[in-house]
Amino acid sequence: MARKNTTARAPKSGSNSMWGGRYKLGPAEIMERINASIGFDRRLYAQDIAGSLAHADMLVAQGILTAKDGRTIRRGLVKVRDEIEGGRFKFSTRLEDIHMNVESRLAELIGPVAGRLHTARSRNDQVALDVRLWVRDTIDRLEPMLQDLQAALIDRADEHAATIMPGFTHLQTAQPITFGHHLLAYVEMIGRDRSRLADCRARLNQSPLGAAALAGSPHPIDPRHTARALGFDGPMANSLDAVSDRDYVVEFIAAASLAAIHLSRLAEEIVIWCSAPFRFIALSDAFTTGSSIMPQKRNPDAAELTRAKTGRIVGAFVALCTVLKGLPLTYQKDMQEDKEPLFDAADSLELGIAAMTGMVRDLKANPARMRAVAAADYSVATDLADWLVREIGLPFRQAHHVTGTLVGKASDKGIDLDKLSLSEMQAVERRITRDVYRVLTVEASVKARKSLGGTAPANVARAAREARRRFLGRSKGARR
């Protein structure tokens, strides 16, 4: 097989000349392939053009650029944006990245004045700006999606505030709870996810423009001008940090990883609840698929794929941490590798949130089955122990021992605790009275759990109302 020539060659007519007079030969083919990022960073076009528009306005305001040139550049940038959004723009790997693709087309449209746009700016602070804007925009897009997922969970929790289901530890039946109480646990998790993303947004909201390559600019620029124009709280304080910082990308993917883990936990439960041995819920055709060979099957593929996306997002976090861990100041080309994991993590999380919201709204609960399982396996044993403590004053450890003995008797007979006779109970603890039977139902068990955060149906209904106020009423920290 013939080998491709990967040696440097003379540049063709119209080749990328951004390096000026320093380079006489064009890049090797393999260098062009490994160096180009336009295949993925074209997604930054809106942020790149927004940054260029703000930079051009600042240059005009500072007298670095004439008003006429500023208007010409603005008109050209708007034209480039329209071409990209209209699908008419031709991206070139020869021009490496989104910055040079936009700048090259701008030059074609308006001529040499396009070259003035790069005054007092480097691709180093330009890409730092673009990625910050992109992450900020992504957080602003994810925020209402997460809120909508919370709304779906709260709606279902309110609907099932009194629907009894088994609560599990070690995936073994532990105590009766309500389905609404279970769903509200995920509302709290997602609330923390929203808070982490809001924190990330607050920390990243500083503009790196003005740092140029790494040391700042000798031109009389006004970084506060561009920061205000782009909605930042202000410019970054240190030019070296401005071009080399990717903490906000790591922080975003870390927050995305936790959010994905929460989605994955709920997805896992949906998979279990849909299974034939459980039959707690059912999903419609909208969120399931069939089998190519077994016609009876209804597979919860949307839940399974949401669960699987977590691996990609957590993998993106590990990948980016590995890229950054040994980089000296300031910018290194390694940082080009931040975008693909960032984009993939954001896309995967967005898809997972949308799928989970759909499944929560779609699922149909099976209260009879849930209650039957909740009542099995002596799930009210703790209620018996608590009754022994409360009504006859046994120390809890002794009450635990008495209850364990009674559970053993019932198990040997193959009956539930409430089917033991009073005389059988009194043979173990003589002070037990007939009143004990009032606590040996799953309904009594959940109704008794009135402590703060407990599963009593009245608590759950109240907690759903409170969650609606806290999370859907635009409480402090939530963004519109």
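1. Side note on the confidence of the model for the chain
Averaged over all residues, the pLDDT of the chain is 92; the fraction at 70 or higher stands at 92%. Across residues 1-16, confidence stays below pLDDT 50; counting only partners more than four residues off in sequence or on other chains, it has 25 contacts. Throughout residues 474-480 the model reports pLDDT below 50, and contacts reaching past four residues in sequence, or to other chains, amount to 12 contacts.

2. Describing a nonpolar patch on the surface
Nonpolar side chains collect at one region of the surface, where Leu 258, Ile 261, Val 314 and Val 318 lie side by side and expose about 270 Å² of accessible area between them. Inspection of the secondary structure assignment puts Leu 258 in helix 10 (residues 247-274). On the accessibility criterion, Leu 258 (32% relative accessible area) is partly exposed.

3. Quick look at the packing of helix 11 (residues 301-324) against helix 12 (residues 339-362)
Running from amino to carboxyl end, helix 11 crosses helix 12 at an angle of 155 degrees, the nearest separation of the two axes being 9 Å. The orientation of helix 11 relative to helix 12 falls into the category roughly antiparallel. Between helix 11 and helix 12 lies a crossing whose hand is left-handed. Facing helix 11, whose interface residues are Ala 302, Ala 303, Thr 306, Lys 309, Arg 312, Ile 313 and Ala 316, helix 12 presents Pro 341, Asp 344, Ala 345, Ser 348, Leu 349, Leu 351, Gly 352, Ala 355, Met 356 and Met 359. Considered class by class, the residues forming the contact of helix 11 with helix 12 number 11 nonpolar, 3 polar and 3 charged.

4. Section: helix 3 (residues 45-61)
Here helix 3 is 17 residues long and its end C-alpha atoms lie 24 Å apart, about the 24 Å a rise of 1.5 Å per residue gives. Within helix 3, 12 of the 17 residues are buried, which leaves the element mostly enclosed by the surrounding structure. Within the span of helix 3, buried status applies to Tyr 45, Gln 47, Asp 48, Ile 49, Gly 51, Ser 52, Leu 53, Ala 54, His 55, Ala 56, Met 58 and Leu 59. Looking at the packing, one finds that the buried side of helix 3 touches helix 2 (38-41), helix 4 (67-85), helix 5 (98-110), helix 6 (123-159) and helix 8 (223-229). Gly 63 occupies a position one or two residues after helix 3 and carries a positive phi of about 75 degrees.

5. Looking at the pattern of salt bridges
Summed over the entire model, instances satisfying the criterion amount to 34 salt bridges. Asp 97 is the partner of Arg 123 in a salt bridge, and the nearest nitrogen-oxygen pair spans 2.5 Å. Of this pair, Arg 123 sits in helix 6 while Asp 97 sits in the loop between helix 4 and helix 5, and the two are 26 residues apart along the sequence. Under the relative-accessibility criterion, Arg 123 is labelled buried at 19%. Among the salt bridges present, the one from Glu 108 reaches Arg 105, with a minimum N-O distance of 3.0 Å. Separated by 3 residues within a single helix, Glu 108 and Arg 105 lie in helix 5, roughly one turn from each other.

6. Some thoughts on the environment of Leu 77
With respect to the secondary-structure elements, Leu 77 resides in helix 4. Excluding anything up to four places from it in sequence, Leu 77 contacts Ile 49, Ser 52, Leu 53, Val 102, Leu 106 and Leu 117.

7. So, the environment of Ala 463
One can find Ala 463 in helix 18 (residues 457-472). With relative accessibility at 33%, the residue Ala 463 sits in the partly exposed group. Taking the C-alpha atoms as reference points, Ala 463 and Ile 154, separated by 309 residues in sequence, lie 9.2 Å from one another.

8. Quick word on helix 13 (residues 367-375)
For helix 13, every residue scored as buried is listed here: Met 370, Val 373 and Ala 374. Angularly, the buried residues of helix 13 cover 105 degrees about the axis, an arc narrow enough to put them on a single face. Elements that come into contact with the buried residues of helix 13 comprise strand 1 (164-169), strand 2 (172-178), helix 7 (179-204), strand 3 (281-282), strand 4 (364-365) and helix 17 (442-448). One or two steps after helix 13, the chain reaches Asp 377, where phi turns positive at roughly 60 degrees.

9. Focus on the side chain of Asp 383
With respect to the helices and strands, the residue Asp 383 is situated in helix 14 (residues 381-392). On the basis of relative accessible area, Asp 383 is assigned to the buried category, the value being 6%. In this view, Asp 383 contacts Val 439, Ser 445 and Arg 449; residues no more than four positions away in its chain are not counted.

10. Concerning the pairing of strand 1
The sheet contact formed by strand 1 and strand 2 spans 6 bridges and is antiparallel. Residue pairing for strand 2: Ile 164 is matched across the bridge by Thr 178. What sits between the antiparallel neighbours strand 1 and strand 2 is a turn of 2 residues, in which His 170 has the positive phi angle 60 degrees.

11. Here we look at the side chain of Ser 207
Mapped onto the secondary structure, Ser 207 falls in the loop between helix 7 and helix 8. Judged by its relative accessible area of 1%, Ser 207 falls in the buried class. Within the local environment of Ser 207, its side chain forms a polar contact with the backbone nitrogen of Leu 209, the two atoms lying 3.2 Å apart. Among residues more than four places away in sequence, those in contact with Ser 207 are Leu 129, Ala 227, Phe 232, Gly 234, Pro 235 and Met 236.

12. A closer look at the packing of helix 6 against helix 18
Orientation of helix 6 relative to helix 18, taken along the N-to-C sense of each, is 165 degrees, at an axis distance of 9 Å. Judged by the inter-axis angle, helix 6 sits roughly antiparallel to helix 18. Viewed along their axes, helix 6 and helix 18 form a crossing whose handedness is left-handed. From helix 6, Gln 147, Gln 150, Ala 151, Ile 154, Asp 155, Ala 157 and Asp 158 reach across to helix 18, where they touch Val 460, Ala 461, Ala 464, Ala 467, Arg 468, Phe 471 and Leu 472.

So, how was this worked out
Residues numbered from 1 in each chain as written. Predicted model: local features only at pLDDT ≥ 70, side-chain atom pairs only at ≥ 80, totals over all residues. Heavy atoms only, no water. pLDDT = per-residue confidence, 0-100. Contact = heavy atoms within 4.5 Å. Patch = residues over 30% accessible without salt bridge, like charges linked within 9 Å, V, L, I, M, F, W, Y side chains within 5 Å. Areas by Shrake-Rupley, 256 points an atom, 1.4 Å probe, with all protein chains shown as cover. Salt bridge = Lys/Arg side-chain N within 4 Å of Asp/Glu carboxyl O. Helix = DSSP H or I, 4+ residues; strand = E, 2+ residues; numbered from the N terminus. Buried < 20%, exposed > 50% of the residue type's maximum accessible area, 1.4 Å probe, protein only. Axes fitted to C-alpha atoms, helices over the stretch in contact; angles between N-to-C directions. Parallel < 35°, antiparallel > 145°, perpendicular 65-115°, else oblique. Left-handed = near helix turned anticlockwise from the far one by under 90°. Nonpolar A, V, L, I, M, F, W, Y, C, P; charged D, E, K, R; others polar. Expected span 1.5 Å × (residues − 1). Arc of directions from axis to C-beta. Pairing = 2+ DSSP bridges. Polar contact = N/O pair within 3.5 Å; in protein donor to acceptor, adjacent residues only side chain to side chain.

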